[in-house]
Amino acid sequence: MDDSLAQVVSDFFTFAFMQRALLAAVLTGTLCSVIGVFVVVRGFSFIGAGIAHASFAGVTLGFLLGIHPLFLAFLFSLLMVFLVGWATHRGELKLDISVGIFFAFTMALAILFIGLMKQYQAGVYGYLFGDILSVTSSDLWLITATAVLVLTAVGLLYKELQFVTFDQEMAAACGLPVTFLYYLLLVLIAMTVVVSLKSVGVILVFALIVTPAAAAYQLVHRLTPMVFVSAAIGTGGSVAGLILSYVWDVPSGATIVSLLTLIFFVSLWWSPKRRRCSCKE
Amino acid sequence: MKGSRGMDRLGGEGPAGDRIVFEGVTLGYAGETVLRDIDLEISRGESIGIIGPNGCGKTTLLKSLVGLIRPLSGRITVFGEPVISARRRIGYVPQRETLDISYPATVFDMVIMGRYARIGLFRRPRDLDRMRAGQAIADVGLAEQAHTPIAHLSGGQRQRVLIARALSADPEVVLLDEPTAAVDVRAQREIVALLENLKRERNLTVLLVTHDVNLVYPIVDRIIYMADGRVFIGRPEEMLTQEKLQRIYNANVIVTEADGRICVIVGDVHHG
């Protein structure tokens, strides 16, 4: 194991693809876990999962038409966001029902697009399961730019996002632009999902968003510490997962998510909230 | 009788800048009318109790004053301003069940949110905002719990936090939606005493939705009664008469007095 670790450290200094993978793990880990805090406290887990699956329809259409998959993934994610928002507001459908409808529809589209491809496209499956070791320089630039954009928006509108995720009706009664903030949060989630596809894939990306925040929620009682604890868990878990996957020669995305899930269960067991509940009983 | 027309319009004196005015207002959701032809004038500093059966539109009326529901017709002004621009002069205390106690926030975190619209987009809370939030927490008697997570509070304390959040923005009007519901008798008395103090010290205009006429009777100047989409307003002693209550509720009502307080008992409903 010691030899393996020394080899990994040596590889990180030797190979550019390892350095890119490490940087991608830090950036996607931080980005997903910070935006995940708002997803968890607002109860947006299902819509987030729906966005991730909608993005896959965009990826497959991108491969079919020869357009950059992430461009269409983002377009499909936005379409999901606005269709769900529109159906919920206009059609008086419950959020989970409208997400359920579009979730299944976009997956059907993805399967349809794969069926229309004349030849086998291995790249499609790269986006489905993710491969952080194959992240290119241009992917990394995209992840960096998106991370800066999303984290800046969160920083600038932190108190508004806090209010709107806590009590949307009261935020509206106080005069905050809640509809704008609602859609902005969904768009930020969509951007986060899309740039993380290459690293962890459609199936696992949402675990990277929800699990660190859910673990942090067990440990703290305030939103701001929750953001920092979630970022620490998301970033640390992603880097550790990447290293372990390299050492054990197993898929990186699955290793990262498995490690984060383990951290979640440890947080649940260690949670002061859980201990308080037990004391009450 | 049509709306409140022809009823007591106490507080209608003085300039529009000192009154909350409903002019021919009809309220509802998606084309369904809940309250129709409301004509009301409420003076600055008045306390109004709003009572009526479940689903009669009490919450709808309050929400219309903070722009959460727009009138289907008519016009609402608050101290001479339309509702949308007057929102910062109004503190809204929603029903306690709307409070998400699983949210990671302390009492202070929640109360200072009441000032966020005043602070403005992209800006951080300043010392003044923190001071006002702290003052509001102290005013409702929760200074020692300021850094307690909201999940750890009792029902009565949660109600006080909601009131503190409304007060933190230095409102001129406070709207309270059933602040004494689902708390024990002692907490009910404490909340009513708190409202009495706040009204006196801050010269607030108070609109208070309640099911307990007896509890709020001593602190209200007038009572709005709602039934069948109509709004009636008058002094408590005028409104809480057997004749008017029976007409509004279409039921047998007994109004009696015990220990110097009015007691309203609603009996069998009339059919046909």
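Participant: For this particular structure, what's the right way to read the overall build of chain A?
Facilitator: Across its full length, chain A carries 13 helices and zero strands. Relative to its length of 281 residues, chain A is compact, with a C-alpha radius of gyration of 19 Å against a globular reference of 19 Å. Projecting the C-alpha coordinates of chain A onto the three principal axes gives extents of approximately 60 × 55 × 35 Å. Here chain A holds 281 residues, and the buried ones make up 54% of them. Summarising the internal contacts of chain A: among those between residues at least 6 apart in sequence, 75% fall at separations of at least 24. Here chain A has roughly 12,200 Å² of accessible surface; of this, 71% comes from carbon and sulfur atoms. One way to put it: in chain A the 13 positive side-chain charges average out to a point 9 Å from where the 12 negative ones average out.

Participant: Help me out: how do you make sense of empty space enclosed by the protein in this one?
Facilitator: Residue and element names in this part refer to chain B. If you walk through the whole model with that rule in mind, you get two cavities of 30 Å³ or more. There is about 130 Å³ of room inside the largest cavity. The class makeup of the residues in the lining of the largest cavity is nine nonpolar, two polar and four charged. Here the second largest cavity defines a volume of roughly 60 Å³. Of all the secondary-structure elements, those providing two or more residues to the lining of the second largest cavity are β3 (47–51), α7 (185–202) and β8 (205–209). Counting residues per element, the lining of the second largest cavity draws most heavily on α7, which supplies three residues.

Participant: Sorry if this is basic, but what is going on with the pairing of β8(B) here?
Facilitator: For a regular strand, side-chain orientation follows a simple rule: the groups alternate between the two sheet faces. Residue and element names in this part refer to chain B. Taken across its five residues, β8 has five buried, putting it largely inside the fold. Both faces of β8 are covered, namely the face carrying T205, L207 and V209 and the face carrying V206 and L208. Across five bridges, strand β7 (residues 173–177) lies against β8 in parallel orientation. Each residue of the ladder has a partner; that of D177, found in β8, is V209. Remark: the β7/α7/β8 crossover connection has right-handed handedness.

Participant: Explanation requested: the nonpolar core in the structure shown.
Facilitator: Here is a general trend for soluble globular proteins: nonpolar side chains tend to be buried in one another's company. Counting 187 residues, the largest nonpolar core has A:I189, B:I163 and B:L207 as its most contacted members. With 29 residues, the single largest contributor to this core is helix α10 (residues 178–219) of chain A. Lining this core are residues from two domains, each supplying at least three of them: domain 1 (16–240) and domain 2 (241–272) of chain B. Sequence-distant contacts of A:I189, defined by excluding residues within four places in its chain, comprise A:I35, A:V39, A:F44, A:G48, A:I51 and A:F206.

Participant: Would you take a moment to explain the interface of chain B and chain A for this structure?
Facilitator: It is common to report an interface's size as the accessible area lost on association of the parts. The interface is formed by 30 residues belonging to chain B together with 27 residues belonging to chain A. Buried surface at the junction of chain B and chain A, both sides included, amounts to about 2,700 Å², of which 62% is carbon and sulfur. Between the two partners, chain B and chain A, sit 13 residue pairs in polar contact (both at pLDDT 80 or more). Of all the secondary-structure elements, those providing two or more residues to the side of chain B that touches chain A are α3 (107–112) and α4 (116–119) of chain B. For the side of chain B that touches chain A, the class distribution of residues is 19 nonpolar, four polar and seven charged.

Participant: In this structure, what is going on with the packing of helix α6 (residues 122–129) of chain A against α10(A)? I would like to understand it.
Facilitator: The description of two packed helices rests on the angle between their axes and on the distance between the axes. Residue and element names in this part refer to chain A. Where α6 contacts α10, the two axes come as close as 3 Å, and the packing angle between them is 75°. Between α6 and α10, the crossing angle belongs to the class labelled roughly perpendicular. Of the residues in α10, those touching α6 at G126, Y127, L128 and F129 are L197, K198, V200, G201, V202, I203 and L204. For the contact of α6 with α10, a count of residues per class yields eight nonpolar, two polar and one charged.

Participant: How should I be thinking about the pattern of salt bridges in this particular structure?
Facilitator: A side chain with one charge may pair with a side chain of the opposite charge, provided their charged atoms come close. On inspection of all chains with the given rule, the structure shows 20 salt bridges over all chains. Between A:K159 and A:E160 there is a salt bridge, with its nearest N and O atoms 2.5 Å apart. A residue is classified by how much of its surface remains accessible, and A:K159, at 4% relative accessible area, is buried. When its relative accessible area of 0% is taken as the criterion, A:E160 is described as buried. The network of salt bridges with common partners includes B:D18, B:R44, B:E81, B:R89 and B:E172.

Participant: Before we go on, may I ask you to explain the domain arrangement of chain B in this structure?
Facilitator: Residue and element names in this part refer to chain B. The domains assigned to chain B are domain 1 (16–240) and domain 2 (241–272). Here domain 1 and domain 2 have C-alpha centroids that lie 27 Å from each other. Contacts between the two partners involve 16 residues from domain 1 and, on the opposite side, 11 residues from domain 2. Here domain 1 meets domain 2 over a buried area of about 1,200 Å², counting both sides, of which 58% is carbon and sulfur. In terms of surface lost to domain 2, no three residues of domain 1 exceed N214, Y225 and L240, which account for 45% of the buried area on that side. Among the elements of the structure, α8 (213–216), β9 (222–227) and α9 (236–239) are those that each provide at least two residues to the side of domain 1 that touches domain 2. For the side of domain 1 that touches domain 2, the residue count by class is 10 nonpolar, two polar and four charged.

What counts, and at which threshold
- Residues numbered from 1 in each chain as written.
- Chains lettered and ligands numbered in written order.
- Predicted model: local features only at pLDDT ≥ 70, side-chain atom pairs only at ≥ 80, totals over all residues.
- Heavy atoms only, no water.
- Helix = DSSP H or I, 4+ residues; strand = E, 2+ residues; numbered from the N terminus.
- Rg over C-alpha atoms; globule rule 2.2 N^0.38 Å.
- Buried < 20%, exposed > 50% of the residue type's maximum accessible area, 1.4 Å probe, protein only.
- Contact = heavy atoms within 4.5 Å.
- Areas by Shrake-Rupley, 256 points an atom, 1.4 Å probe, with all protein chains shown as cover.
- Lys, Arg positive; Asp, Glu negative; His and termini not counted.
- Charge placed at Lys NZ, Arg CZ, Asp CG, Glu CD.
- 1 Å grid on protein atoms, 1.4 Å probe; cavity = no way out; pocket = protein on both sides within 12 Å on 5 of 7 lines; lining within 4 Å.
- Points joined across faces, edges and corners; volume = space filled by probe spheres on them.
- Nonpolar A, V, L, I, M, F, W, Y, C, P; charged D, E, K, R; others polar.
- Pairing = 2+ DSSP bridges.
- Right-handed = clockwise from strand over helix to strand, strands pointing away.
- Core = buried A, V, L, I, M, F, W, Y, C linked by side-chain atoms within 4.5 Å.
- Domains from an automatic or database assignment.
- Buried area = accessible area lost by both parts, 1.4 Å probe.
- Polar contact = N/O pair within 3.5 Å; in protein donor to acceptor, adjacent residues only side chain to side chain.
- Axes fitted to C-alpha atoms, helices over the stretch in contact; angles between N-to-C directions.
- Parallel < 35°, antiparallel > 145°, perpendicular 65-115°, else oblique.
- Salt bridge = Lys/Arg side-chain N within 4 Å of Asp/Glu carboxyl O.

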